[in-house]
Amino acid sequence: MRLRGRKNIKESLERQPELVVLEPQQWKGHWHEFFGNDRPIHVELGMGKGQFISRMSGNNPDINYIGMDIYDELLRRGSDKARLVWQELGQDRVPNLALVRGNAEYLELMFDQGELARIYLNFSDPWPKSKHGRRRLTHPRFLMKYKQALDDYGEIHFKTDSLTLFEFSLNSFSETGLQMRNISLHLHRERIRDDLVMTEYETKFVGLGQPIYRLEAVIGEKALHDYRIQVAEERQAESRRGGVKETAPE
Ligand SMILES: C[S@@+](CC[C@H](N)C(=O)[O-])C[C@H]1O[C@@H](n2cnc3c(N)ncnc32)[C@H](O)[C@@H]1O
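Throughout this description, residue numbers start from 1 for each chain and increase along the sequence as written. Given that this is a predicted model, residues contribute local features only at a pLDDT of at least 70 and side-chain atom pairs are listed and counted only at 80 or more, while totals for whole chains, interfaces and linings are drawn from all residues. The side-chain numbers reported here are obtained from all heavy atoms of the structure, hydrogens and water having been left aside.

Q: Help me understand the sheet that holds strand β6 (residues 150–160), please; the structure alone is not making it clear to me.
A: Strand pairs in the sheet, formed through backbone hydrogen bonds, run parallel or antiparallel to each other. What the 8 strands build is an open sheet, ordered β1-β4-β3-β2-β5-β6-β8-β7; its pairing is mixed. Across the chains shown, the open sheet's two edge strands, defined by having one partner strand only, are β1 (20–21) and β7 (179–184). Pairing analysis gives 3 bridges linking strand β2 (residues 41–45) to strand β5 (residues 116–122), with the strands arranged parallel. Bridging across to β5, V43 finds its partner in I119. What makes two strands pair is DSSP finding at least two bridges between them. We count a stretch as a helix when DSSP gives it H or I for four or more residues in a row; a strand needs E for two or more, and each element gets its number in order from the N terminus.

Q: Please clarify how the pattern of salt bridges should be interpreted in this entry.
A: Close approach of charged atoms lets side chains of opposite charge pair. Whenever Lys or Arg places a side-chain nitrogen within 4 Å of a carboxyl oxygen from Asp or Glu, that contact is recorded as a salt bridge. Taken as a whole and assessed by the stated rule, the structure comprises 17 salt bridges. The residue R191 makes a salt bridge to D195 at a minimum N-O spacing of 4.0 Å. Here D195 falls in the partly exposed class, since its relative accessible area comes to 47%. One salt bridge connects D195 with R193, and the closest N-O pair in it is separated by 2.9 Å. Only protein chains enter the calculation, and the probe is 1.4 Å; a residue is then buried if its accessible area is under 20% of its type maximum, exposed if over 50%, and partly exposed in between. Under the relative-accessibility criterion, R193 is labelled partly exposed at 25%. Overlapping salt bridges, with partners in common, bring together R118, E155, R181, R214 and E216 in one network.

Q: So what exactly am I meant to see when it comes to the site of the ligand here?
A: One heavy atom within 4 Å of a molecule or strand makes the whole residue count as near it. Near the ligand there are 18 residues, and of these G46, D69, N103, A104 and T199 occur at the shortest range. Throughout this description, a polar contact denotes any pair of N or O atoms lying within 3.5 Å of each other; where both atoms belong to protein, one of them has to be capable of donating a hydrogen while the other can accept it, and for residues adjacent in sequence the pair is counted only when both atoms sit in side chains. In this structure, G46 approaches the ligand through a main-chain N or O atom, which is 2.8 Å from a nitrogen atom. Accessible areas in this description were obtained via Shrake-Rupley with a 1.4 Å probe; residue shielding takes into account the shown protein chains only. Considered on its own, the ligand offers 600 Å² of accessible surface; in the complex 90% of this is hidden by protein. When each cavity is represented as a set of grid points, the ligand is found to reside in the largest pocket. Polarity classes work like this: nonpolar for Ala, Val, Leu, Ile, Met, Phe, Trp, Tyr, Cys and Pro, charged for Asp, Glu, Lys and Arg, and polar for all others, with Gly in that last group. Considered class by class, the residues forming the shell around the ligand number 8 nonpolar, 6 polar and 4 charged. Space inside and on the surface of the protein is sampled on a 1 Å grid over the protein atoms alone, with a cavity defined as a set of points where a 1.4 Å probe fits but cannot get out and a pocket as an open set with protein on both sides within 12 Å along at least 5 of 7 lines; lining residues have an atom within 4 Å of a point. By definition, a pocket or cavity contains a molecule when more than half of the molecule's atoms lie within 2 Å of the pocket's grid points.

Without other data, these values stay purely geometric and don't point to any function.
What follows is the structure, given as structure tokens:
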């Protein structure tokens with residue numbers, strides 16, 4: 001019975017090559033050909049059932065999305081979800097999304113240097129035992145892989161319900177010399193931030209009243225430059241309003 005289930009899942013995935021990519025290494029360096037355009041590519045590592053990545057693709061047709069997970073069953077569920085989102089938008093095909101069977105461990109086999117513009121890490125497995133720290137997707141060894149794959153405007157957006165993972169990740173981002181911004185220890189404290197699109201896990205934890213921790217890391221040189229200018233301008237505007245002269249960061 002289980003075997004038949006697996007066979008059905010495999011067949012279902014193989015029937016959708018325009019949406020489901022089972023051998024992502026074949027597209028390394030050519031993802032723009034897969035999508036048929038040069039738009040930026042945003043990836044969610046560990047997409048689960050695909051709610052976040054499907055909705056993001058529907059909300060932002062000018063961006064190409066890739067949802068990655070290890071499990072075929074999750075790819076199947078993700079493909080159903082994505083088709084539903086786009087059907088609601090009046091389209092029977094999903095133009096800007098690829099659901100990829102892959103392990104973040106081998107990211108460099110799937111993406112060329114600078115091929116991605118953004119990486120989302122949503123509710124990554126916390127691996128609470130310290131002896132498993134190297135498996136956490138925010139471990140410095142993973143951050144180095146992300147740095148390689150991201151372009152000049154590259155960013156990482158990370159959210160989790162796990163305070164332990166968040167604490168670990170703050171140190172990890174800092175050790176790797178990454179510029180963090182928009183750090184939140186309770187993302188939905190004042191209002192539900194549905195502008196950021198909730199994931200399945202997030203919906204569950206928010207329903208239980210748990211805080212969501214979030215941060216963004218600015219990686220690419222051009223993104224860093226733009227961020228520093230923005231901060232300097234905000235400081236100047238602030239000091240003009242308050243009459244206090246402040247020094248802009250370098
Ligand atoms: C806790 S779930 C979160 C799912 C979804 N992002 C959400 O927020 O609802 C973590 C997901 O990451 C996937 N995952 C874990 N390690 C991974 C890895 N090394 N590469 C790709 N996916 C991974 C798991 O299969 C699982 O679906």
